[in-house]
Structures are given as structure tokens and as C-alpha cells.
Amino acid sequence: QVQLVESGGGLVQAGGSLRLSCAASGRTFSNYVMGWFRQAPGKDREFVAAVTWNLGRTSYADSVKGRFTISRDNAKNTVSLQMNSLKPEDTAVYYCAAGPVRALKYDYWGQGTQVTVSS
């Protein structure tokens, strides 16, 4: 049974930092892409960042480029999202997701972790 468990959310002031982690288990993710998405109240879920498990290739939404960094730790089976220079508009529930690289879709999702940035 695949499980993605997020942690690290919380309340932070604008300009501050948070680090989210996603612990992945239940299968081999070697040919998978791991992503972070977020959903703010009243808005659609949106892509934030992704990393391929094998080669570590990354991609980011324009809104977070230069502020957020995604990384993976193959030994610990975790994916992290370092978020710096946080803005109130980054407030959302953040979700970890996993999907086959070639499928271009995410099959597995975590339960989400709340990030709140105060102004």
C-alpha cells in the first residue's frame, strides 16, 4: 500500500521559511516523479514543484522559482520542499504526490499539510 505522508507545515510570518517533507513508502519510486501541489481556499489545486526520483530533474511553477527548492533523499525515501521568502499568497494546503514519469499524471497523493503565511 503506497503511502505519502507530509509534515512540516505551520504558521510563519511573511519573509520567513518552512521546510516540508514527504515520507514515501509502499513501492519502489525509481521511475516516478514526485511533486508538490497546493490548494488555497476557494481556488483550484495548482502545481508547485516536481523532481524525478532517478535523475533528480526539477521543475517549478513560475510563482515559486527562486524561492522554493525541491529535493529528494533516495536513502530515506523522502522528498522535501524548502520554502524561503514566503508570502501571504503562499498560504494553502500543500500536498505531496507521486506518479510514473511517462504517465504524466499523479497516481498517489498525501493527506496534505497546512501552510499559513501571515502578513
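Reference entry: report on the structure contained in this document. (Residues numbered from 1 in each chain as written. Predicted model: local features only at pLDDT ≥ 70, side-chain atom pairs only at ≥ 80, totals over all residues. Heavy atoms only, no water.)

**Looking at the side chain of E6**
Next, step 1: By secondary structure assignment, the location of E6 is in strand β1 (residues 3–7).
Next, step 2: Despite its burial, E6 pairs with no opposite charge; the closest candidate is R45, at 9.2 Å N-O.
Next, step 3: Of the polar contacts made by the side chain of E6, one reaches the backbone nitrogen of Q111; its length is 3.0 Å.
Next, step 4: Within the structure, the side chain of E6 is placed 3.0 Å from the backbone nitrogen of G112, a separation counted as a polar contact.
Next, step 5: When neighbours within four sequence positions are excluded, E6 is seen to be in contact with S21, C22, W36, Y94, Y95, C96, G110, Q111, G112 and T113. (Helix = DSSP H or I, 4+ residues; strand = E, 2+ residues; numbered from the N terminus. Buried < 20%, exposed > 50% of the residue type's maximum accessible area, 1.4 Å probe, protein only. Lys, Arg positive; Asp, Glu negative; His and termini not counted. Salt bridge = Lys/Arg side-chain N within 4 Å of Asp/Glu carboxyl O. Polar contact = N/O pair within 3.5 Å; in protein donor to acceptor, adjacent residues only side chain to side chain. Contact = heavy atoms within 4.5 Å.)

**Considerations on the state of the cysteines**
Next, step 1: This model, assessed by the stated rule, comprises 1 disulfide.
Next, step 2: In this model C22 forms its disulfide with C96; the gap between the sulfur atoms is 2.1 Å. On the S-S bond that ties C22 to C96, the torsion sits near -75°, and the link is left-handed. Pair noted here: C22 is in strand β3 (residues 18–25) and C96 is in strand β9 (residues 92–100), with a separation of 74 residues, a long-range link. The exposure classification of C22 matches that of C96, with both residues buried. (Disulfide = S-S within 2.5 Å.)

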